[in-house]
Amino acid sequence: MAAGEQRAGVDLTNLDQPLGPDAEATKRDLVDYLDAVADRLLPVLTDRPLTVLRALRGRAPFMQKNVPKYTPDWVATVAIWAEASKREIHYALCNDRRTLLWLANQRAIEYHPTLGLAADIYRPTHLVLDLDPPAGADFSAVVAVAHLVRRALADCGLAGAVKTSGSRGLHVFVPIDDSAPVDDVAAATRALAARAEALDPAIATTAFIVEDRAGKVFVDATRAGGATVAAVYSPRLRAGTPVSFPVAWSDLDRIAPGDFTLHTALDALGGRDPWAESMPAPQALPKEVIEHGRTIPVARVAAMHEGKRRARARRGTVGG
């Protein structure tokens, strides 16, 4: 096969170039993989403003929200005001195979859609708990905390699906209906994280400040309100190019994140779409869980105030 070719009307170039020094994969491997999983990946990307991680030759990898000026006019986009940078950002909407292949040709390796649809990115369709292990922790530690999260959900009458993050952690996705505004979803996420931590505080923590985690797995409840999360089936720019991969709850104890890569994920799928198969129907968040969450401070805000307090203490000053 030549180094350049065309698929779905997209000119593909430099296919034999490596994705990175330790990726163990070429751009052709990326294109072939994304093309093969398009029917599974596109449903979780469609109509969601997309941030991608690109790895161009000779440049440090970078996250891209704004589509480049040379983006073809057939790539769907949506303009969203970014309060932080006081500007309009034009996000790609990866709604079809042609767009996915174009992004792959741009060396877009990671796909991070918003939790809300373009019509309202601040109304998440899923509540997400991101389980982040401490440095050096065995994967079994993350699995143990994932089971705590599942118990906390079940205790509230909720159910979710789990996937590898494509790095060292796990993501638990809980599909929710549109009855709860975003602040209530964020509150419920905090409450569920706290309930998982309470089931075994020796291994799980909700401490936002890293040095306060004491070697425990962090149950991150901050993925709400316009947040993005690496999509299921998305490759990750890590050694060996792992893939974020759905796992049955009953199989968690038998897998490792490195089992699923650009080269092995398709065989592991076996022609199925386990993410779609394992995802429960959208659920209403229980009022008591939302009420519990409202009593828990927002982690980033609490951490900011605590950081300032500690800085004052180190300077030996007193004050509010």
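Cut-off values and rules
Residues numbered from 1 in each chain as written. Predicted model: local features only at pLDDT ≥ 70, side-chain atom pairs only at ≥ 80, totals over all residues. Heavy atoms only, no water. Pairing = 2+ DSSP bridges. Helix = DSSP H or I, 4+ residues; strand = E, 2+ residues; numbered from the N terminus. Contact = heavy atoms within 4.5 Å. Axes fitted to C-alpha atoms, helices over the stretch in contact; angles between N-to-C directions. Polar contact = N/O pair within 3.5 Å; in protein donor to acceptor, adjacent residues only side chain to side chain. Buried < 20%, exposed > 50% of the residue type's maximum accessible area, 1.4 Å probe, protein only. Lys, Arg positive; Asp, Glu negative; His and termini not counted. Salt bridge = Lys/Arg side-chain N within 4 Å of Asp/Glu carboxyl O.

(A) Quick look at the sheet that holds strand E13 (residues 246–247). Taken in spatial order, the six strands of this open sheet run E11-E12-E8-E10-E9-E13, and their pairing is mixed. A strand with exactly one partner marks an edge of an open sheet, and here the two such strands are strand E11 (204–205) and E13. Pairing analysis gives two bridges linking E11 to strand E12 (residues 217–220), with the strands arranged parallel. In the sheet register, threonine 205 faces E12, and the bridge partner there is phenylalanine 218. Most of the contacts of helix H4 (residues 182–199) go to strand E8 (residues 126–132), to which it runs at about 40°, and overall it touches E8, E11 and E12.

(B) Up close: the environment of histidine 263. Structurally, histidine 263 can be placed in the loop between E13 and helix H5 (265–269). Sequence separation of histidine 263 and valine 243 is 20 residues, and the distance between their C-alpha atoms is 9.4 Å. Not counting residues within four places of it along the chain, the set of residues in contact with histidine 263 comprises Glu24, Ala25 and Asp29. Polar contacts involving the side chain of histidine 263 include one to the main-chain carbonyl oxygen of glutamate 24, which spans 2.8 Å.

(C) Structural context of the side chain of lysine 163. Its place among the elements puts lysine 163 in strand E9 (residues 161–164). Within the buried core, lysine 163 has no salt-bridge partner, and the shortest N-O distance to an opposite charge, that of aspartate 130, equals 8.2 Å. Engagement of the side chain of lysine 163 in a polar contact is seen with the side chain of histidine 171, the distance being 2.9 Å.

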